Amino acid sequence: MRVAFWSPCAGRGWPAALVPHVEREVELELLAEEPSSDPAADCHVYHLVDDPAHGYVYRALLRRPGLVVLEDWGLHRLVHAAIAGSAGEAAYRREARREHGELGAFVAEQVTRGLGGVLPASFLVMNDRVLEAGLAFVATSEAVRSRLAARRPDGSVAHLPLCFQSPPPLRVRDVALSSLGVPPGSLLVLAIQPSSSDAPPPRLARALDEVHRVEPQAMVRWTPEDHPELASRLAAADVVVALEHPPRAGLGAAVPLAVASGKAPLVSAGSGAAREMPEGVVARVSPGPTEAAETAALVRRLLADEPLRSRMGRLARAYATDRRDPGGVAQALLGLLRTVEPIAQGPAARRTMEDSPAGRALDEVTVAARELGLDDPRAVLAPLVAALFGEGVS
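Reading guide: rules and limits
- Residues numbered from 1 in each chain as written.
- Predicted model: local features only at pLDDT ≥ 70, side-chain atom pairs only at ≥ 80, totals over all residues.
- Heavy atoms only, no water.
- Helix = DSSP H or I, 4+ residues; strand = E, 2+ residues; numbered from the N terminus.
- Buried < 20%, exposed > 50% of the residue type's maximum accessible area, 1.4 Å probe, protein only.
- Arc of directions from axis to C-beta.
- Contact = heavy atoms within 4.5 Å.
- Salt bridge = Lys/Arg side-chain N within 4 Å of Asp/Glu carboxyl O.
- Phe/Tyr/Trp six-rings, centres within 6.5 Å; stacked < 30°, edge-to-face > 60°.
- Lys NZ or Arg CZ within 6 Å of the ring centre and 35° of its normal.
- Pairing = 2+ DSSP bridges.
- Axes fitted to C-alpha atoms, helices over the stretch in contact; angles between N-to-C directions.
- Polar contact = N/O pair within 3.5 Å; in protein donor to acceptor, adjacent residues only side chain to side chain.

Participant: Which parts of the structure should I look at to understand unusual backbone geometry?
Facilitator: Where the residue is not glycine, phi is negative for most of them; where a peptide bond is considered, it is trans in most cases. The omega angle of the peptide bond from H245 to P246 is -5°, so this bond is cis rather than trans. Looking at the secondary structure, you find P246 in the loop between β9 (239–242) and α11 (254–260).

Okay, structure coming up:
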């Protein structure tokens, strides 16, 4: 079987850990960037994260369905970048209207005008096309799996602990502390912000600054989740704060790395990380008005109680170790590929891009049906619309 694996992370993390095991049984082509033409493959695997870097993966999925590895649920940043970057902001607004009707169009307008920060975007869960194009799904967290299963009750959803398959980060404490400007003998409180383009939440930043004022040996440093030195910084930290605003269904990059390196991070209650891992492996903090005070109190307790930090660290490392089985996970993934391959070769997997008069007409009918509380009419009306416009629709 020839398999094309689409992911900008193909050479690192869990993809790199699984590749040697998968290559023993299939002919594997890694697509870490957008190719000039689609490869000839019997089955395609698409790795999707809510990150603009995965935009070419999203567009490829719409052209030829396959097995989808889904790490996040909302996908707004990904879809916005993939569509607006290639077809313009008007196409992005149409996509938001297709999925959420007039409310989606209104929120998308605020996003394109730069109003409201990240809050409007958090309301737009833009993954309908992914759910329509995916022939089967792998969820990397229970929170994503449960949402997928509700939308795809056909049994085509599996939960695999992919985020724990790569080796734990090496502990290079002195180098990491030096790069962060932390004096020797200090305790490092590492706080995670979602990406280099985001600012730390002001209330939480003030609470952690107060921790440093009361406990001068505690040095607080913020680091973006997409920082290239994230793994070494997490390995060198004494306490990790990985709260999310708003909480997401996926696990992200920081929490699995922290757990694998023997750190029990503070996470937002209700987030995917809080649902995935038990208390002790993570420490839950309630979002809302008490969040800052809870965070400060937990950080100070962990800093003062080294035996407690060590015990939670052992629990965290054991949790990650118990789930690290690249060979077994690769076999589970190969089993899914063998199930998907016959479907991928059939007529149901041949799709066309929907940015056409026929596709837009079908979208309009779908939007109207949803606003009236009716079932999705696409399956019934697609042949009729195709005949009216003389072109194919998916």
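Participant: Where do I start with helix α7 (residues 142–151) in this structure?
Facilitator: Residues that lie three or four places apart on an α-helix share one face, since the helix turns once every 3.6 residues. Among all positions in α7, only A143, V144 and L148 are buried. In an axial view of α7, the angular spread of the buried residues amounts to 130°, which keeps them on one side of the axis. Where α7 is buried, its residues contact β4 (67–70), α6 (128–133), β5 (136–139), β6 (157–159) and α12 (272–276).

Participant: Explain the pattern of salt bridges to me, please; I cannot follow it from the model alone.
Facilitator: Opposite charge on two side chains makes pairing possible when the charged atoms of those side chains draw close. Applying the stated criterion across every chain yields a total of 18 salt bridges. Put simply, E244 and R248 hold a salt bridge, and the shortest N to O gap is 3.1 Å. A salt bridge links R301 to D305; its shortest N-O distance comes to 3.2 Å.

Participant: Please clarify how the packing of aromatic side chains should be interpreted in this entry.
Facilitator: The description of an aromatic ring pair rests on the distance of the ring centres and on the angle between the ring planes. Scanning the entire structure with this criterion turns up four aromatic pairs. Through pairs of rings, three or more aromatic residues link up here, namely W6, Y46 and Y56. Positioned above the aromatic ring of Y319 is the side chain of R323, whose terminal nitrogen or guanidinium carbon lies 3.6 Å from the ring centre.

Participant: I tried to follow the sheet that holds strand β7 (residues 187–193) on my own but got confused; where do I start?
Facilitator: The strands that make up a sheet are held in pairs by hydrogen bonds between backbone atoms, and each pair lies either parallel or antiparallel. Taken together, the five strands give an open sheet; going across it, the order is β8-β7-β9-β10-β11, and neighbouring strands pair in parallel fashion. Looking at the sheet topology across the chains shown, the edges are occupied by β8 (218–224) and β11 (283–285). With direction set aside, neighbouring strand axes in the sheet form an average angle of 25°. In this sheet, β11 lies alongside strand β10 (residues 266–268) in parallel orientation, the contact comprising three bridges.

Participant: Would you explain the pairing of β8 in this entry?
Facilitator: Regular strands place their side chains on alternate faces of the sheet. Counting buried positions along β8 yields five of seven residues, so the element is predominantly enclosed. Examined bridge by bridge, β7 and β8 share seven bridges and lie parallel to one another. Directly across from L190, in β8, lies its bridge partner R221.

Participant: Would you take a moment to explain the side chain of H47 for this structure?
Facilitator: Tracing the backbone through its elements, the reader meets H47 in strand β3 (residues 43–48). Within polar-contact distance, the side chain of H47 engages the side chain of S7 at 2.7 Å. When sequence neighbours within four positions are dropped, the list of residues in contact with H47 reads F5, W6, S7, C9, W14, H54, V57, V69 and E71.

Participant: I tried to follow the sheet that holds β3 on my own but got confused; where do I start?
Facilitator: With parallel pairing, the six strands of this open sheet are ordered in space as β2-β1-β3-β4-β5-β6. Looking at which strands have only one partner, the edges of the open sheet turn out to be β2 (27–31) and β6. Between one strand axis and the next, the sheet turns by 20° as a mean value, whatever way the strands run. Bridge count for β5 against β6 is three bridges, and the pairing is parallel.

Participant: Hey, could you run me through the pairing of β9 in this one?
Facilitator: Both faces of β9 are covered, namely the face carrying V239 and V241 and the face carrying V240 and A242. Note: β7 against β9, three bridges, orientation parallel. Considered in β9, the bridge of V189 is made with V239. Sheet topology note: the β9/β10 ladder contains two bridges and is parallel. The partner of V241 across the bridge, within β10, is L266.

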